[in-house]
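Structure assessment
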Amino acid sequence: MLIIFLGPPGAGKGTQAKIFLERAGIVQISTGDILRAAVAKGSPLGTQAKGFMDKGELVPDSVVIGIIEERIQEEDCKKGFVLDGFPRTLEQARALDEILLKLHLHLDHVVNFEVPDEELVERLLGRAQQEGRSDDNPESIKNRLQIFKDKTQPLIQYYAEKKKLRPIDGLGSMAEIADRVKAVVGI
Ligand code: ADP
């Protein structure tokens with residue numbers, strides 16, 4: 001099972017990915033988590049990524065594509081995986097298609113979490129207070145939402161044309177949304 005969780009920052013992709021993978025027994029691959037771990041470690045990747053992340057800008061395509069290409073070939077991905085936060089640009093989506101083709105893997109579903117802007121801003125500001133993520137400040141949040149509209153939104157049509165898109169309402173309790181995910185992916 002190979003699934004993409006698509007949606008704006010604050011849509012609940014990460015939370016739902018964790019719930020889903022417990023149920024489905026597959027792994028979650030979050031480019032945001034991988035990048036944050038690299039920043040925390042102070043590795044060359046982290047040093048490169050930090051400036052982009054703090055401003056709410058995207059890390060260059062070539063960097064994240066390289067991360068994903070390596071990660072999905074690891075042993076724990078054999079049973080399947082959920083991509084959370086990747087792809088985020090058309091270039092990343094096309095690169096992913098090529099990687100999957102090369103590895104003889106098949107994309108099953110793209111779950112699109114639909115959440116209105118006002119709710120996203122509220123959630124992200126709330127998360128900023130709870131988790132203290134350095135990119136959850138008003139300026140960066142505004143930037144991330146704009147980048148989502150400019151760069152990531154086109155993926156909705158891209159995957160709709162491939163008949164992979166499964167839109168779900170991202171408003172509601174965690175359990176309700178988990179049920180909607182279950183309804184569209186079948187587990
Ligand atoms: P959010 O969805 O709330 O923005 P993420 O954890 O998914 O949080 O991403 C945090 C930051 O990491 C992004 O703002 C961006 O700088 C970087 N990032 C994560 N995934 C990608 C990606 N696929 N392409 C480019 N940059 C990424």
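Look up a bit, the structure's there.
Residues numbered from 1 in each chain as written. Predicted model: local features only at pLDDT ≥ 70, side-chain atom pairs only at ≥ 80, totals over all residues. Heavy atoms only, no water.

Turning to the overall build of the protein chain, a few remarks are in order. Scanning the protein chain from terminus to terminus reveals nine helices and five strands. By the compact-globule yardstick of 16 Å for 187 residues, the protein chain fits well, its C-alpha radius of gyration being 16 Å. Each of the three principal axes of the protein chain carries a C-alpha extent, and together these read 40 × 40 × 30 Å. Sequence separation of 24 or more characterises 75% of the internal contacts of the protein chain that already satisfy a separation of 6 or more. With an accessible surface of roughly 9,600 Å², the protein chain has 53% of that area assigned to carbon and sulfur atoms. For the protein chain, the centre of its 26 positive side-chain charges and the centre of its 29 negative side-chain charges are spaced 2 Å apart. (Helix = DSSP H or I, 4+ residues; strand = E, 2+ residues; numbered from the N terminus. Rg over C-alpha atoms; globule rule 2.2 N^0.38 Å. Contact = heavy atoms within 4.5 Å. Areas by Shrake-Rupley, 256 points an atom, 1.4 Å probe, with all protein chains shown as cover. Lys, Arg positive; Asp, Glu negative; His and termini not counted. Charge placed at Lys NZ, Arg CZ, Asp CG, Glu CD.)

The subject of this paragraph is the pattern of salt bridges. A complete count under the given rule lists 12 salt bridges for this structure. Between Glu 119 and Arg 123 there is a salt bridge, and its shortest N-O distance comes to 2.9 Å. With Glu 119 and Arg 123 both in helix 6 (residues 117–131), this residue pair falls four residues apart, about one helical turn. Each of Arg 71, Glu 74 and Asp 76 takes part in a single network of salt bridges with overlapping partners. (Salt bridge = Lys/Arg side-chain N within 4 Å of Asp/Glu carboxyl O.)

This paragraph deals with helix 7 (residues 138–152). End to end, helix 7 covers 20 Å across 15 residues, agreeing with the expected 21 Å (1.5 Å per residue, within 8%). All of the buried residues in helix 7 are Ser 140, Ile 141, Arg 144, Leu 145, Ile 147, Phe 148 and Thr 152. For helix 7, the arc enclosing every buried residue in end-on projection is 160°, short of the 170-degree limit, so these residues lie on one face. Away from its buried face, by an angle of more than 90 degrees, helix 7 presents the exposed residues Pro 138, Glu 139 and Lys 142. (Expected span 1.5 Å × (residues − 1). Buried < 20%, exposed > 50% of the residue type's maximum accessible area, 1.4 Å probe, protein only. Arc of directions from axis to C-beta.)

A separate point is the site of the ligand. Around the ligand, a shell composed of 19 residues is seen, among which Thr 31, Arg 36, Glu 57, Gly 85 and Gln 92 lie nearest. Taking Arg 36, its side chain carries an N or O atom lying 2.8 Å from an oxygen atom of the ligand. Arg 127 places a polar side-chain atom, nitrogen or oxygen, 3.0 Å from an oxygen atom of the ligand. Taken atom by atom, the bulk of the ligand overlaps the largest pocket. Per-element tally for the shell around the ligand: the top contributor is helix 2 (residues 31–41), with four residues. (Near = heavy atom within 4 Å. Polar contact = N/O pair within 3.5 Å; in protein donor to acceptor, adjacent residues only side chain to side chain. 1 Å grid on protein atoms, 1.4 Å probe; cavity = no way out; pocket = protein on both sides within 12 Å on 5 of 7 lines; lining within 4 Å. Sits in = over half its atoms within 2 Å of the grid points.)

What follows covers the pairing of strand 4 (residues 109–114). Side chains on a regular strand alternate between the two faces of the sheet. Of all six residues making up strand 4, five are buried, and the element is well covered by its neighbours. Here strand 1 (residues 2–6) pairs with strand 4 via four bridges, running parallel. Bridge pairing in strand 4 links Leu 6 to Asn 112. (Pairing = 2+ DSSP bridges.)

Turning next to the sheet that holds strand 5 (residues 165–169). Spatially, five strands are ordered 2-3-1-4-5 in an open sheet, and the strand pairing comes out parallel. Both edges of this open sheet fall to strand 2 (27–30) and strand 5, since each of them pairs with a single strand only. Each neighbouring strand pair of the sheet contributes to a mean axis angle of 25°, computed without reference to strand direction. Relative to strand 3 (residues 81–84), strand 2 is paired through four bridges, and the arrangement is parallel. By the bridge assignment, Gln 28 is partnered in strand 3 with Val 82. (Axes fitted to C-alpha atoms, helices over the stretch in contact; angles between N-to-C directions.)

Okay, the packing of aromatic side chains next. Across all of its chains, the model carries three aromatic pairs by this definition. Pairing Tyr 158 with Tyr 159 gives two aromatic rings, centres 5.1 Å apart and planes at 85°, and the pair type is edge-to-face. On the accessibility criterion, Tyr 158 (15% relative accessible area) is buried. For Tyr 159, a relative accessible area of 0% corresponds to the buried category. Aromatic rings pair up to connect Phe 5, Phe 20 and Phe 113 into one cluster. (Phe/Tyr/Trp six-rings, centres within 6.5 Å; stacked < 30°, edge-to-face > 60°.)

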